[in-house]
Amino acid sequence: MARANKSKKGTTENILQFPSNKSKKLKKVLVAGGAGFLGSHLCELLLADNDVICVDDLSTGRIENIKHLFDLPNFTFRRHDVRSPLNVKVDVIFNFAGPASSPAYQADPVGTLFTNIVGARNLLELARRRDATIIQASTSEVYGDSRVSPQREDHLGDVGTTGPRACHNEGTRCAETQFFDFHRLYGLKIKVARIFNTYGPRMRPDDGRVISNFIVQALRNAPITIYGSGLQTRSFCYVDDLVGGFMKLFNSSPEVIGPINLGNPTELTMIDLAHRIIRLTNSKSPIVHMLAAVDDTKQRRPDISRAAGQLGWRPHVDIDDGLLATIDHFDGVLRHAAANN
């Protein structure tokens, strides 16, 4: 197995602490999908000053992501599928429910579509009953295979309804539609952020996303598989930067509703990414080209001027620093798995 280089300072996981002001009344914040990759990191940040209710059906989320939070007095876990209504006292809701990696949502496309549509509706109804603010974790996939770069929030997208990715892409587009309809019809307090490719510790090694695929292959000295020419691009945002953006959105004024792109505008080709990971892991992996994936996006880069202007947010973690922290994570996961086999 290739050995990861030592991670640089500044990309460690969040440090847990008890609420900083125990005399003030804490907000009750529900995080749907809170045991997932992004949701678990968000739960950690929110716990500094809030009571957090983590809701997850564990279809793609994992208890391992949140078990270190169980002993904290202001953390509650509830196993629940958001496709069924729920009733809980809350002040704020974050909707991170629904699979985000293509193998996961293509394995159950109908379930994914209903999670995005019915799940969002159930959470919106809960927010309406409780007069709560609700924040939607949407996705850059709403832009589809965009012919416009960088993608701005006013771009309507180049999307399809019949392909294998449509359950995710169209489902999240419909979720956004519901959010803005509830806002217009009922005055519901909403905020919508569109997430561009995010990576970091707690990604699943089998989630099928390009960074996890490349790192696991490199650590095993296995061929790194690139689908298509490798000239297609992505813009990768480290998880600490991304959840920091959601915290900025959480604390923003009620007038800031979005949609707002959250991502890193630094654009990389898949070939460049593969070579970086080979270098950072000291791997002997060769690069192998496979047939292009169906409906694969050719170019993905966010325009983050709205996030900078309305939230004062920009990503700060350098791609190599973030990759090193992520490599450390996967190195530990693979070694643990090997030791238990």
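Provided above is the structure to which this section pertains.
Residues numbered from 1 in each chain as written. Predicted model: local features only at pLDDT ≥ 70, side-chain atom pairs only at ≥ 80, totals over all residues. Heavy atoms only, no water.

### So, the overall build of the protein
Within the protein, the secondary structure is distributed over 9 helices and 13 strands. On C-alpha atoms alone, the protein measures out to a radius of gyration of 19 Å, which is about the 20 Å that the 2.2 N^0.38 rule sets for 341 residues. Judged by the C-alpha coordinates and their principal axes, the protein covers about 55 × 45 × 35 Å. Out of the 341 residues belonging to the protein, those deemed buried represent 54%. For the protein, restricting intrachain contacts to residue pairs at least 6 apart in sequence, the fraction spanning at least 24 positions comes to 81%. Surface accessibility of the protein: about 15200 Å² in total, with carbon and sulfur atoms responsible for 51%. The averaged location of the 36 negative side-chain charges in the protein is 3 Å from the averaged location of its 42 positive side-chain charges. (Helix = DSSP H or I, 4+ residues; strand = E, 2+ residues; numbered from the N terminus. Rg over C-alpha atoms; globule rule 2.2 N^0.38 Å. Buried < 20%, exposed > 50% of the residue type's maximum accessible area, 1.4 Å probe, protein only. Contact = heavy atoms within 4.5 Å. Areas by Shrake-Rupley, 256 points an atom, 1.4 Å probe, with all protein chains shown as cover. Lys, Arg positive; Asp, Glu negative; His and termini not counted. Charge placed at Lys NZ, Arg CZ, Asp CG, Glu CD.)

### A word on the environment of Asn264
With respect to the helices, strands and loops of the structure, Asn264 is situated in the loop between strand E11 (260-262) and strand E12 (267-269). On the accessibility criterion, Asn264 (10% relative accessible area) is buried. Sequence spacing of Asn264 and Ala274 is 10 residues, and the spatial spacing of their C-alpha atoms is 18 Å. The contacts of Asn264, once residues within four sequence positions are left out, are Ser235, Phe236, Cys237, Pro302, Pro315 and Val317. Of the polar contacts made by the side chain of Asn264, one reaches the backbone nitrogen of Thr266; its length is 3.0 Å. (Polar contact = N/O pair within 3.5 Å; in protein donor to acceptor, adjacent residues only side chain to side chain.)

### A closer look at the sheet that holds strand E1 (residues 27-32)
Strand order in the open sheet formed by 7 strands is E3-E2-E1-E4-E5-E6-E11, and the pairing between neighbours is parallel. Two strands bound the open sheet, and with one partner strand each, they are strand E3 (75-79) and E11. For this sheet, the mean angle separating the axes of adjacent strands, direction not counted, is 20°. Taken together, the 6 bridges between strand E5 (residues 133-139) and strand E6 (residues 190-195) define a ladder with parallel strand orientation. Among the inter-strand pairings, Ala137 is bridged to a residue of E6, identified as Ala193. Packing of helix H1 (residues 37-46) onto the sheet brings it into contact with E1, strand E2 (50-56), E3, strand E4 (92-95) and E6, and relative to E1 it is tilted by some 170°. Each of E1, E2, E4, E5, E6 and E11 is contacted by helix H6 (residues 239-250), which is oriented at about 165° to E6, the strand it contacts most. (Pairing = 2+ DSSP bridges. Axes fitted to C-alpha atoms, helices over the stretch in contact; angles between N-to-C directions.)

None of the figures reported here should be taken as evidence of function without further support.
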